[in-house]
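# Per-entry structural report
Listed below, chain by chain, are the residues.
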Amino acid sequence: MPKYNLTQNVNARRPYTQASKQFDYESKMYAYYDTSSNANVSISIYLCGMNEWWIGGWQHNSYWEDMEIKLSGSQAGWTTVNGQLFTGEGTYY
């Protein structure tokens, strides 16, 4: 998915390792559904990639990202959404 205005968040909420970094960005999410005008709908996307291996004990590294949006009433189109990307978690050597 395209990411717009990707910027590193130096005040990351939870650094896992010294190499961990958090990036904030904007993207687009498509929603198409009919409902009552006072209905509230929440859509979230979570993506995680992880590698694991055994060398004298379990090691791993990973990245993940998420996006969430809260909508009201019927929708038919693209909406701007904020996302977060986390990188550098785990072992890198």
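Conventions used here
Residues numbered from 1 in each chain as written. Predicted model: local features only at pLDDT ≥ 70, side-chain atom pairs only at ≥ 80, totals over all residues. Heavy atoms only, no water. Pairing = 2+ DSSP bridges. Helix = DSSP H or I, 4+ residues; strand = E, 2+ residues; numbered from the N terminus. Axes fitted to C-alpha atoms, helices over the stretch in contact; angles between N-to-C directions. Core = buried A, V, L, I, M, F, W, Y, C linked by side-chain atoms within 4.5 Å. Buried < 20%, exposed > 50% of the residue type's maximum accessible area, 1.4 Å probe, protein only. Contact = heavy atoms within 4.5 Å. Phe/Tyr/Trp six-rings, centres within 6.5 Å; stacked < 30°, edge-to-face > 60°. Lys NZ or Arg CZ within 6 Å of the ring centre and 35° of its normal.

With that settled, the discussion passes to the sheet that holds strand 2 (residues 21-33). Pairing within the open sheet is antiparallel, and its 5 strands lie in the order 1-2-5-4-3. Edge positions in the sheet fall to strand 1 (4-8) and strand 3 (40-54), since each has one partner strand and no second. When the angles between neighbouring strand axes are averaged without regard to direction, this sheet yields 20°. As judged from the 13 bridges shared by strand 2 and strand 5 (residues 75-90), these two strands associate in the antiparallel manner. If you follow A31 over to strand 5, its bridge partner there is G77.

Moving on, we get to the nonpolar core. One finds F23, Y25, M29, A31, Y33, M67, I69, L71, V81 and L85 forming the largest nonpolar core, which totals 10 residues. If one sorts the elements of this core by residue count, strand 2 sits on top with 5 residues. Here F23 is in contact with L6, T7, Q8, N9, G83, Q84, L85 and T87, once residues within four sequence places are set aside.

Pairing of strand 1 with strand 2 involves 3 bridges; the strand directions are antiparallel. Its bridge partner being in strand 2, T7 is matched across the sheet by D24.

With 15 bridges connecting them, strand 3 and strand 4 (residues 58-72) associate as antiparallel partners. Within strand 4, the position partnered with I45 by the bridge is M67. Where strand 3 folds back on strand 4, the antiparallel hairpin that results is connected by 3 residues, among which G56 adopts a positive phi of roughly 70°.

To continue, consider the packing of aromatic side chains. Note on aromatic pairs: each is described by the distance of the centres and the angle between the planes. Counting across every chain of the model gives 4 aromatic pairs. Measuring from centroid to centroid gives 5.7 Å for W54 and W58, while their planes differ by 80°, and the two rings are edge-to-face. Of the two residues, W54 and W58, neither departs from the other in class, the shared state being exposed. Ring geometry for W64 versus F86: centroids 4.0 Å apart, planes at 20°, classification stacked. Residue W64 is found in strand 4, and its partner F86 is found in strand 5; the two are separated by 22 residues along the sequence. Residue W64 shares its accessibility class with F86, and that shared class is buried. Among the aromatic residues, those joined into a cluster by ring pairs are Y46, W64 and F86. In this structure, K3 is placed above the aromatic ring of Y25, and the distance from its NZ or CZ to the ring centre is 5.0 Å.

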